[in-house]
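The lines below spell out each chain.
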Amino acid sequence: MSPYSSRRVAALALPALIVLAAEPIYVLVDTAVVGHLGSVPLAALAIGGTVMSAAAWLGTVMAYGTTGRSARRFGAGDRAAAVAEGVQASWLAFGVGLALAVVAQVAAGPLARTLGGGDPVVAGAAAQWLRIAALGAPGLLLAAAGNGWMRGVQDTRRPLYYVLGANALSAVLCPILVYPAGFGLVGSAVANVVAQTVAGVLFARALVAERVSLRPRPEVIGQQIVLGRDLLIRGSAFQACFLSATAVAARFGTAVVAAHQITVQLWFFCALALDAVAIAAQSLVGAALGAGYDREARDLGRRIALIGGVCGACFAVVIGAGADVVPGWFSGDPAVRDQALVAWPWFVALLPLAGVVYALDGVLIGAGDARYLRNVTIVAALAGFLPVVWLAYALDAGLGGIWAGLSLFIVLRLVTLLLRMRSGAWAVVGAVR
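Naming follows an unreviewed UniProt entry, where the chain appears as MATE family efflux transporter of Phytohabitans maris. Word for word, the UniProt comment on the chain under Subcellular location (unreviewed entry) is "Membrane". As stated in UniProt under Sequence similarities (unreviewed entry), the record for the chain gives "Belongs to the multi antimicrobial extrusion (MATE) (TC 2.A.66.1) family."

1. Here's the deal with the overall build of the chain
Looking only at helices and strands, one finds 14 helices and zero strands in the chain. In the chain, the succession of helices and strands from N to C terminus is α-α-α-α-α-α-α-α-α-α-α-α-α-α. Against the globule reference of 22 Å for 433 residues, the chain gives a C-alpha radius of gyration of 22 Å, in line with a compact fold. In terms of overall dimensions, the chain has a C-alpha envelope of 55 × 50 × 35 Å along the principal axes. Here the chain, with 433 residues, has 52% of them falling under the buried criterion. Relative to all contacts within the chain whose residues are 6 or more apart in sequence, the contacts with residues 24 or more apart total 84%.

2. Let's talk about helix α13 (residues 370-394)
Counted at 1.5 Å a residue, the expected span for α13 with its 25 residues is 36 Å, and the 34 Å between its end C-alpha atoms agrees. At Ala 381, α13 shows its largest bend, some 40°. In this fold, the buried residues of α13 make contact with α8 (218-251), α12 (334-366) and α14 (398-423). Positive backbone phi, at 55°, marks Asp 396, one or two positions downstream of α13.

3. Focus: the packing of aromatic side chains
Enumeration over the complete set of coordinates arrives at nine aromatic pairs. On the basis of an interplanar angle of 55° and a centroid distance of 5.9 Å, the ring pair of Trp 267 and Phe 347 is categorised as tilted. Within this pair, whereas Trp 267 is found in helix α9 (residues 254-290), its partner Phe 347 is found in helix α12, the two being separated by 80 residues in sequence. Accessibility assignment for this pair places Trp 267 and Phe 347 in one class, buried. Taking 5.8 Å as the distance between ring centres and 80° as the angle between the ring planes, the aromatic pair formed by Trp 267 and Trp 403 counts as edge-to-face. Separated by 136 residues along the polypeptide, Trp 267 in helix α9 and Trp 403 in helix α14 bring together distant segments of the chain. By relative accessible area, Trp 403 is classed as buried at 2%. Within the aromatic cluster, the residues linked to one another by ring pairs are Trp 267, Trp 344, Phe 347 and Trp 403. The lysine or arginine in question, Arg 420, covers the ring of Tyr 372, its NZ or CZ lying 4.4 Å from the ring centre.

4. A look at the pattern of salt bridges
Under the counting rule described, the total for this entry stands at 12 salt bridges. In this structure, Arg 158 and Glu 210 form a salt bridge, with 3.6 Å as the shortest nitrogen-oxygen distance. Here Glu 210 lies in the loop between α7 (185-209) and α8 and Arg 158 lies in helix α6 (residues 157-178), a separation of 52 residues in the sequence. With relative accessibility at 24%, the residue Arg 158 sits in the partly exposed group. Connected through shared salt-bridge partners, Arg 79, Asp 155, Arg 158 and Glu 210 make up one network.

5. Some points on a nonpolar patch on the surface
On the surface, Leu 353, Val 411, Val 415 and Leu 419 cluster together to form a nonpolar patch covering roughly 300 Å² of accessible area. Sorting elements by how many residues they give to the nonpolar patch places α14 first, with three residues. With respect to the helices, strands and loops of the structure, Val 415 is situated in helix α14.

6. Some thoughts on the packing of helix α4 (residues 120-133) against α7
It is the contact of α4 with α7, at a shortest axis distance of 8 Å, that shows an interaxial angle of 20°. Relative to α7, α4 is oriented roughly parallel. At the point where α4 passes α7, the crossing takes the right-handed sense. Seen from α4, the contacting residues are Ala 125, Gln 128, Trp 129, Ile 132 and Ala 133; seen from α7, they are Leu 185, Val 186, Ser 188, Ala 189, Val 190, Asn 192, Val 193 and Gln 196.

7. Here's the deal with the side chain of Arg 69
The residue Arg 69 is located in helix α2 (residues 39-75) in this model. Given a relative accessible area of 15%, Arg 69 falls into the buried group. Discounting chain neighbours no more than four positions away, the residues touching Arg 69 are Glu 85, Val 220, Gln 223, Gln 224 and Leu 227.

8. Quick notes on unusual backbone geometry
For Arg 211, which is not glycine, the phi dihedral falls at a positive 55°. Relative to the helices and strands, Arg 211 resides in the loop between α7 and α8. In this structure, Asp 396 takes a positive phi of about 55° despite not being glycine. One can find Asp 396 in the loop between α13 and α14. Using a relative accessible area of 61% as the deciding quantity, one classes Asp 396 as exposed.

9. With respect to helix α10 (residues 294-321)
A rise of 1.5 Å per residue sets the reference length of α10, with its 28 residues, at 40 Å; its end C-alpha atoms lie 41 Å apart and thus fit the reference within 8%. When we look at burial in α10, the residues that qualify are Ala 297, Leu 300, Gly 301, Ile 304, Ala 305, Gly 308, Gly 309, Gly 312, Ala 316 and Ile 319. Structurally, α10 contributes buried residues whose contacts are with α1 (6-35), α9, α12 and α14.

Here is what the cut-offs are and how they apply
Residues numbered from 1 in each chain as written. Predicted model: local features only at pLDDT ≥ 70, side-chain atom pairs only at ≥ 80, totals over all residues. Heavy atoms only, no water. UniProt positions renumbered as here; feature names shortened; annotations may be inferred. Helix = DSSP H or I, 4+ residues; strand = E, 2+ residues; numbered from the N terminus. Rg over C-alpha atoms; globule rule 2.2 N^0.38 Å. Buried < 20%, exposed > 50% of the residue type's maximum accessible area, 1.4 Å probe, protein only. Contact = heavy atoms within 4.5 Å. Expected span 1.5 Å × (residues − 1). Bend = angle between axes of the 7 residues up to and from the residue. Phe/Tyr/Trp six-rings, centres within 6.5 Å; stacked < 30°, edge-to-face > 60°. Lys NZ or Arg CZ within 6 Å of the ring centre and 35° of its normal. Salt bridge = Lys/Arg side-chain N within 4 Å of Asp/Glu carboxyl O. Patch = residues over 30% accessible without salt bridge, like charges linked within 9 Å, V, L, I, M, F, W, Y side chains within 5 Å. Areas by Shrake-Rupley, 256 points an atom, 1.4 Å probe, with all protein chains shown as cover. Axes fitted to C-alpha atoms, helices over the stretch in contact; angles between N-to-C directions. Parallel < 35°, antiparallel > 145°, perpendicular 65-115°, else oblique. Left-handed = near helix turned anticlockwise from the far one by under 90°.

Now the structure itself:
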C-alpha cells in the first residue's frame with residue numbers, strides 16, 4: 001500500500017473516527033444515567049459538563065498541533081524526534097491540566113452560579129461535580145497529547161484501544177457509583193476522573209516505552225504554544241459564530257431556538273465524522289513534507305479534498321432523505337419540526353462544501369500553516385457569518401437567515417482554502433516548518 005494512497009487515508013481515518021465518537025457516546029451514557037436521578041442532578045451535569053467541554057476542546061487543539069509537528073519529523077525518517085515532540089506536548093498538557101484542576105477548586109462555585117440561572121441548588125450541585133471532575137483534567141490533556149503524537153507517527157490503533165478501554169471502564173463505573181454505591185451525581189464525576197486518569201497513564205506509559213529522553217525542553221514547548229495559540233484563536237472564532245447564532249435564534253422564539261439546537265447539533269455530529277478525514281490529512285501531509293515530497297503532498301491534498309467532498313455528499317444524501325423523519329426524533333412539537341425544515345435545505349446543500357473545507361483544514365494543519373488558517377477564519381467570521389446573522393435578526397429573517405450566515409462562512413472559507421492550495425505556499429518541506 002502506498003504511504004499516500006486513498007486506502008492509507010481510510011486506514012488512518014477510520015480508527016480516528018471511532019476515537020472521536022467515543023467521547024460523545026460516553027457523554028450520552030453519562031447523561032442517561034444521571035438523568036434518572038432527577039432534574040436537578042441533570043441540570044448540574046449540563047452546567048459542569050459545559051465547563052469541562054472547554055478543557056476537552058483545548059485538548060483537541062493541542063492534539064492537532066502536535067500531529068503536524070510530529071508527522072514532519074516522522075516523514076523525515078526520525079521517529080525518535082517525532083516521539084520527542086510528543087514528550088514536550090505531554091509536559092505542556094500535564095502542566096495545563098494541573099493548572100485547570102487547581103483553578104477549578106476555586107472557580108467552580110462562581111462559574112456554576114453564573115451558568116446556573118440563579119438556582120442555588122443546581123449551582124451547588126454543579127460546583128461539587130465540577131470540582132471533582134476537574135481532577136481528571138491532567139489525564140484528559142495527556143491523552144489528547146498522546147493522540148497527537150501517535151497520529152503523527154501514523155499509529156492510530158493504540159489510541160483506539162486506550163480511548164475505548166478508558167471510556168468503557170467509565171461507562172461501567174458510572175451506573176455502579178451513582179446507584180448501588182450511593183454516590184449519586186458525585187459518582188458520575190468520579191467515573192470521569194478514573195477514566196481520564198487511566199487514559200492519561202496509558203499514553204504516558206507509551207511514551208516511556210519509546211525510550212526517548214523525557215526531559216522537558218522549554219524552547220520546543222514554546223514553539224508548540226505558538227502553534228496552539230493560532231489554532232486556539234481560530235477555534236475561538238468558531239465559538240463566537242455559533243454562540244451568536246444561538247443568541248439570535250433565541251430572539252426569534254422557543255420553536256426557532258429549539259429547531260436551531262436540533263440542526264446545529266446534527267451539523268456538529270457530521271463535522272465530527274468529517275474531522276476523521278482531516279486527522280488522516282494532518283498525519284500524511286506532515287509526513288510527506290517532512291520527507292521533502294512537496295509534489296506528493298500537493299497531490300495528497302487534492303485527493304483528500306476530493307475524499308472530504310464525497311464524504312460530505314454522502315452525509316447530504318442521508319440527511320436529505322431523513323428530512324421528514326429525523327426532526328421528529330428530537331421533538332414532538334409540530335412548530336419545532338416545521339422550523340427545522342426551514343434550515344434543512346441549507347444544511348443538506350452545505351455538507352459537501354463542508355466536507356472539502358474540513359479536509360483542507362487538515363491538510364494545512366498538517367503542513368503547519370496554522371497562521372493562515374487563523375487569519376482566514378477570523379475574516380470569514382467578521383466579514384461573513386456575524387454580519388449576516390445579526391442582519392437576519394434585524395430583518396426578522398428567522399432560521400433561514402441564520403443558516404444563510406453559516407453558508408457564507410463556509411463559502412468564504414472554501415474559497416480562501418482553495419486559493420491557498422492553488423498557490424502552493426503552504427507546502428514547505430523539511431522536518432521543521
